[in-house]
Amino acid sequence: MALTGIQIFKMTPKKNCKECGSPTCMAFSMKVAQGAVDISACPYMSEDALAQLSEATAPPMKTIKVGAGESEYSLGGETVLYRHEKTFVSKTRYASSVCTCMDDAAVDARLASVSNVDYERIGERMYTEMINVAYKAGDAAEKYVELVKKAAATGRCLILSCKDVEVAKAALEVCKDSKPVLNGADASNYEAMSAAATAAGVVLGVCGADINELYDTTAALEKLGNKNLILDVTADTIKATFANAVMVRRAALKDTDRTFGYPSIVNVAKLAKDDKAMQEALAATFTMKYGSIVIVEEMDYAMALPLYGLRQNLFTDPQKPMKVAPGIYPLNGADENSICLTTVDFALTYFLVSGELERSGVPVNLVISDAGGLSVLTAWAAGKLSSTSVSNFFLENVEDKIKSRKLIIPGKVAVLKGDIEAKLPGWEVIVAPLEAVQLVKFLKDMQANGQL
Amino acid sequence: MPFNCKPQKFSASIKAVDLGTGDKKVTLGGESVFPFYSFDGSEGNGAKVGVEISDMGLDHEPEAVKAYYAGCETMADIAKKAEAMEGADFVCLRLEGGDPNGADKSIEELVAVAKEVADAITAPLVVEGCKNVEKDGQLLPKVAEALQGKNVLLLSAKEEDYKAIGAAAGLAYDQKVGAESAVDINLAKQLNVVITQLGVKPESVVMNVGTAAVGYGYDYVISTMDRIKAAALSQDDKMLQMPIITPIASETWAVKESMATEEDAPEWGNLDARGVSMEVQTAAASLVSGSDAVILKHPQSVATIAKMIKELI
Ligand code: B12
Ligand code: SF4
């Protein structure tokens, strides 16, 4: 909770020596409260006061680092509840699951699947960042340790979901350097778990039977001096889990209750076991509503493609449209005699269209004109993609560089064909299909018909 | 200190709008909390799920959708099967064939389809035009007239054609008006203002505030809905308290993830699974952002999303 000037004044030495640049300690305190000067400007503050103050001015939600090396991720550190208020900073990370309850073949298949999904979308690598390794109570410690070793061999950041302190310690022995999350503290074991996590230098995951118990256990851990925490908000039901996820984040950011100022884990594999479509629905839901780590049973392309697209949308800066530079982009070895194809400078559109063009293997000059970073229809509706904008761009930047006089336009702006032809004498304007995915066939057909 | 939960209570609420008649009538909206925040207060009537069918029949549908409707010969058959889908609350008929740049079916023909569908089912009906504003401006008033007494929702009245559609649906024939705007809170509000200025009751308006598939400009959809719900509830903005309906299927089944064949994208795996996932995730994200109703088409998506809603409220 932010401190008032009076509260800060009580902590100053009240010498009024002016060394801080303020006439009095009181004046200085007021400025600190407003954030106008830093407390360090007074050389006479006690250690204790400084600690209290840094606590009070700390961000509402901690940034917690998990994993090591290339698999290190920052979680949390959010300052707002909605993306239109300010950009979200730490994107949701996804984990596939293995468990001591699975047989070897199933474990091997699951772990092999982890590396399957790995692709790029608008400059961002999309892959399964983590593996949740679950321990079923009663299984042999050796079995868990072997499973952890196997999972660690993938190089992914691990979540050790294990509530047995001794088993957890044995597992940490073999993987602590890769900085896994030890997700195992609850009301019954938190002291021992906290000691194990601290000794291994890893983040501790906390859970509770309900939100009050989660709160109390977290507060107790903080009292022990452990503030390297993640809150596992997964409950028995989808409804209670959703409530936990929202209430925890809201308490931290809106009500500045720092006990809940930590990132969260949501285990949708647990909430919708064996129901893949429901896990997809919930993975999207908890990406939107405050899961820092979302655990699913298995991440495959069907689940990943929409999910990572959603995440990319959610975590982009709402103020900045993603644009590419206007110009001529020769693809597949295109030269001045190759056909031209045009679209807008919205990064997503460029990425989708150029991806399909590359897949077609057909040499094409992709011509991007300035459309304000908007999608095809948005730019058209806003008047930023018009027969004039296209023809001017071609007259000024393309005609002297390219000899081909064939121009393919996006199917969604088929209406522009006539006007562009009128404004670009000598050019043949060809209307392409509506969606980029149809381009490969379209271009191959043109090639087969000798139109290129 | 124990956890001090501070619920977000609002005195305002989203308007409750009835669709359909009789036993299967549904009510959209009515909530006085953010989507699924049942820990704060009343969720109202809970979000609803619609099943999309098209006057163009089944030829262009994904295989699993075709399989579900196997044996259906007429639009009436298709409509009956749609309302029987597990999890379905209402049916949405898209009159795509009206598009002048497509099949360009006549208004008479389309009105007849709408009647056939409306007479075949007892579930509430939503009728969507062909997206061409001139055609919809003529078509939807005729549909509103032909389906009098059925309490249908017409999608949609836009900035360009709200007068014709709003007056016919909302005033002359006592149906519900869908107000469609392009992912912008101010545009959404402005359209509600002018539609109600025609004399249409605010309780007869449902909004489509814009939609996209996740990954495809969806960031704007999230923020638009987040801001609309916040203004409606925390600022008691009466012109933003209409429930939101979001067509999902028409967006998600047109993107590459749901279209690229297995030969084209072998590493992506099963096409049907990809299509369902795109539809389910876009629907879930939209519901969490503020949709009071979503329109889907794959049986598995409908069942999953209906179940998720049930679990969450
Ligand atoms: C996000 C969005 C916005 C964002 C813009 C974000 C951006 N960077 O573009 C914002 C909120 C700013 C916006 C504003 C407006 N928007 Co807008 N917007 C959308 C929305 C929801 C998604 C657009 C998107 O990102 N699509 C994804 C990209 C990748 O699509 P794309 O560029 O078309 O590319 C695809 C294809 O065209 C194809 N393709 C592209 N190039 C080529 C080339 C070839 C050769 C081929 C074969 C294929 C191809 O590949 C891609 C994938 O297949 C759409 C609705 C929708 N679901 O599409 C409405 C939509 C485009 N907007 C619309 C409108 C009207 C507007 C406004 C004019 C509203 C207003 N009155 O102010 C404003 C104009 C902006 C301005 N004044 O500055 C309308 C357009 C109506 C129409 N048919 O003309 C739409 C369709 C919504 C609607 N149904 O009413 N919008
Ligand atoms: S330097 Fe410290 S003690 Fe001196 S006036 Fe400033 S606040 Fe007071």
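How each quantity is defined
- Residues numbered from 1 in each chain as written.
- Chains lettered and ligands numbered in written order.
- Predicted model: local features only at pLDDT ≥ 70, side-chain atom pairs only at ≥ 80, totals over all residues.
- Heavy atoms only, no water.
- Helix = DSSP H or I, 4+ residues; strand = E, 2+ residues; numbered from the N terminus.
- Rg over C-alpha atoms; globule rule 2.2 N^0.38 Å.
- Buried < 20%, exposed > 50% of the residue type's maximum accessible area, 1.4 Å probe, protein only.
- Contact = heavy atoms within 4.5 Å.
- Areas by Shrake-Rupley, 256 points an atom, 1.4 Å probe, with all protein chains shown as cover.
- Lys, Arg positive; Asp, Glu negative; His and termini not counted.
- Charge placed at Lys NZ, Arg CZ, Asp CG, Glu CD.
- Buried area = accessible area lost by both parts, 1.4 Å probe.
- Salt bridge = Lys/Arg side-chain N within 4 Å of Asp/Glu carboxyl O.
- Polar contact = N/O pair within 3.5 Å; in protein donor to acceptor, adjacent residues only side chain to side chain.
- Nonpolar A, V, L, I, M, F, W, Y, C, P; charged D, E, K, R; others polar.
- Near = heavy atom within 4 Å.
- Axes fitted to C-alpha atoms, helices over the stretch in contact; angles between N-to-C directions.
- Parallel < 35°, antiparallel > 145°, perpendicular 65-115°, else oblique.
- Core = buried A, V, L, I, M, F, W, Y, C linked by side-chain atoms within 4.5 Å.
- Domains from an automatic or database assignment.
- Disulfide = S-S within 2.5 Å.
- Patch = residues over 30% accessible without salt bridge, like charges linked within 9 Å, V, L, I, M, F, W, Y side chains within 5 Å.
- 1 Å grid on protein atoms, 1.4 Å probe; cavity = no way out; pocket = protein on both sides within 12 Å on 5 of 7 lines; lining within 4 Å.
- Points joined across faces, edges and corners; volume = space filled by probe spheres on them.
- Pairing = 2+ DSSP bridges.
- Phe/Tyr/Trp six-rings, centres within 6.5 Å; stacked < 30°, edge-to-face > 60°.
- Lys NZ or Arg CZ within 6 Å of the ring centre and 35° of its normal.

Trainee: Just checking my understanding: could you explain the overall build of chain B for this structure?
Mentor: Counting its secondary structure elements, chain B contains 11 helices and 10 strands. Here the C-alpha atoms of chain B give a radius of gyration of 19 Å, agreeing with the 20 Å that 2.2 N^0.38 yields for 313 residues. Projected onto its principal axes, the C-alpha positions of chain B cover 65 × 50 × 35 Å. Every one of the 313 residues in chain B was classed for burial, and the buried ones make up 63%. Long-range contacts, defined here as pairs at least 24 residues apart, represent 67% of the contacts in chain B between residues at least 6 apart. For chain B, the accessible area works out to roughly 11,300 Å², and carbon and sulfur atoms hold 48% of it. Averaging the coordinates of the 29 positive side-chain charges in chain B and doing the same for the 47 negative ones gives two points 6 Å apart.

Trainee: Please explain unusual backbone geometry as it appears in this structure.
Mentor: Put simply, Leu155(B) and Ser156(B) share a cis peptide bond, and its omega is -5°. Mapped onto the fold, Ser156(B) is located in strand 6 (residues 153-157). One non-glycine residue with positive phi stands out, namely Asn332(A), at about 55°. Phi is positive for Asp236(B), close to 50°, though the residue is something other than glycine.

Trainee: Explanation requested: the interface of chain A and chain B in the structure shown.
Mentor: Where the parts come together, the accessible area they lose is often given as the size of the interface. At the interface, 49 residues of chain A touch 50 residues of chain B. Between chain A and chain B, the buried area comes to about 4,400 Å², and carbon and sulfur atoms account for 64% of it. Run the count over chain A and chain B and you get 3 salt bridges. Residues Glu356(A) and Lys256(B) are paired through a salt bridge, measuring 2.4 Å at the closest nitrogen-oxygen approach. At the boundary of chain A with chain B, the tally comes to 15 residue pairs in polar contact (both at pLDDT 80 or more). With 10 residues, helix 12 (residues 301-314) of chain A is the largest single contributor of residues to the side of chain A that touches chain B. For the side of chain A that touches chain B, the per-class residue count stands at 28 nonpolar, 7 polar and 14 charged.

Trainee: How should the site of ligand 2 be read in this particular structure?
Mentor: Taken together, Pro13(A), Lys15(A), Asn16(A), Cys17(A), Lys18(A), Glu19(A), Cys20(A), Cys25(A), Phe28(A), Cys42(A) and Pro43(A) make up all the residues around ligand 2. Considering only residue class, the shell around ligand 2 consists of 7 nonpolar, 1 polar and 3 charged.

Trainee: Quick question: what am I supposed to make of the packing of helix 4 (residues 133-146) of chain B against helix 5 (residues 162-172) of chain B here?
Mentor: Geometrically, a packed helix pair is captured by the angle between its two axes and the distance between the axes. Residues and elements named next belong to chain B. For the pair helix 4 and helix 5, the least separation of the axes is 8 Å and the interaxial angle reads 0°. One finds that helix 4 runs roughly parallel with respect to helix 5. In this structure, helix 4 contributes Asp136, Gly137, Leu140, Pro141 and Ala144 to the contact, and helix 5 contributes Ala164, Ile165, Ala168 and Ala169. The residue inventory of the contact of helix 4 with helix 5, partitioned by class, reads 7 nonpolar, 1 polar and 1 charged.

Trainee: I'm lost on the nonpolar core in this one. Help?
Mentor: Side chains of a nonpolar character, in soluble globular proteins, are inclined to be buried together. In this structure, Tyr69(B) and Ile305(B) are the most contacted members of the largest nonpolar core, which totals 218 residues. Element by element, the count of residues in this core is highest for helix 9 (residues 238-253) of chain A, at 10 residues. Both domains that furnish three or more residues to this core are identified here as domain 2 (63-314) and domain 3 (327-448) of chain A. Excluding its chain neighbours within four sequence positions, the residues that come into contact with Ile305(B) are Ala281(A), Val49(B), Val280(B), Ala283(B), Ala284(B), Leu287(B), Val294(B) and Leu296(B). Residues Val324(A), Val353(A), Ile408(A) and Phe442(A) belong to the second largest nonpolar core, which totals 20 residues.

Trainee: Is there a simple way to think about the site of ligand 1 in this case?
Mentor: Close to ligand 1 lie 35 residues, the nearest being Thr343(A), Thr349(A), Ser375(A), Glu435(A) and Thr211(B). One chain alone does not account for the residues near ligand 1; they come from chains A and B. Within the contact set of ligand 1, a nitrogen atom lies 2.6 Å away from a side-chain nitrogen or oxygen of Thr343(A). At 3.0 Å from an oxygen atom of ligand 1 is found a main-chain nitrogen or oxygen belonging to Ala436(A). Contributions of two or more residues to the shell around ligand 1 are made by strand 14 (340-343), helix 13 (347-360) and helix 14 (376-381) of chain A.

Trainee: Would you mind showing me how to read the state of the cysteines here?
Mentor: All told, the structure shown has 1 disulfide over all chains when counted by the stated rule. Covalently, Cys99(A) is tied to Cys101(A) through a disulfide, its sulfur atoms 2.4 Å apart. Across the S-S bond of Cys99(A) and Cys101(A) the torsion is about 135°, and the bridge reads as right-handed. You can call Cys99(A) buried: its relative accessible area is 13%. Take Cys162(A): it sits in no disulfide, and the sulfur closest to it among the cysteines is that of Cys175(A), at 11 Å. Cysteine Cys5(B) remains unbridged, with the sulfur of Cys207(A) as its closest cysteine sulfur at 19 Å.

Trainee: I would appreciate a short explanation of the domain arrangement of chain A in the present structure.
Mentor: What the domain assignment lists for chain A is domain 1 (5-57), domain 2 (63-314) and domain 3 (327-448). One C-alpha centre belongs to domain 1 of chain A, the other to domain 3 of chain A; they are set 62 Å apart.

Trainee: Got a minute to help me understand a nonpolar patch on the surface in this structure?
Mentor: All names here are of chain A. Residues Leu377, Trp380 and Val415 make up a contiguous nonpolar surface patch of roughly 300 Å² in combined accessible area. Summarising the element assignment, Leu377 is placed in helix 14. By relative accessible area, which is 41% here, Leu377 ends up partly exposed.

Trainee: Is there a simple way to explain empty space enclosed by the protein in this structure?
Mentor: Gaps left between atoms show up when a probe the size of a water molecule is rolled over them. Residues and elements named next belong to chain B. Here the structure, examined in full by the defined rule, presents 10 cavities of 30 Å³ or more. In this structure, the largest cavity spans a volume of roughly 120 Å³. Contributing to the lining of the largest cavity are Glu31, Pro35, Phe36, Glu43, Gly46, Ala47, Lys229, Leu287, Gly290, Ser291, Asp292 and Ile313. The class makeup of the residues in the lining of the largest cavity is 5 nonpolar, 3 polar and 4 charged.

Trainee: Explain the sheet that holds strand 13 (residues 327-331) of chain A here, please?
Mentor: Residues and elements named next belong to chain A. Within the open sheet, the 5 strands sit side by side as 13-15-14-16-17. Their pairing is mixed. Either end of the sheet is taken by a strand with one partner, and the two such strands are strand 13 and strand 17 (428-431). Neighbour-to-neighbour, the strand axes of the sheet open up by a mean angle of 30°, direction not taken into account. As paired strands, strand 14 and strand 15 (residues 364-368) are joined by 4 bridges and run parallel to one another. Among the inter-strand pairings, Leu341 is bridged to a residue of strand 15, identified as Leu366.

Trainee: Explain the layout of surface pockets to me, please; I cannot follow it from the model alone.
Mentor: Residues and elements named next belong to chain A. Its boundaries defined by the atoms lining it, the second largest pocket holds a volume of some 720 Å³. When residues of the lining of the second largest pocket are traced back to their parent elements, those giving at least two are strand 3 (93-99), strand 6 (130-134), strand 8 (181-185) and helix 10 (268-271). Per-element accounting of the lining of the second largest pocket gives the leading share, 3 residues, to strand 3. In terms of residue class, the lining of the second largest pocket is made up of 13 nonpolar, 8 polar and 10 charged.

Trainee: What should I look at first to understand the packing of aromatic side chains in this one?
Mentor: One pair of aromatic rings is described through two measures. These are the centre distance and the angle between the planes. Within the structure shown, the criterion is met by 18 aromatic pairs over all chains. Consider the rings of Phe34(B) and Tyr37(B), whose centres lie 5.8 Å apart with planes at 90°: the pair is edge-to-face. Tyr37(B) gets classed as buried once you look at its relative accessible area, which sits at 3%. In this structure, Arg121(A) is placed above the aromatic ring of Tyr216(B), and the distance from its NZ or CZ to the ring centre is 5.5 Å.

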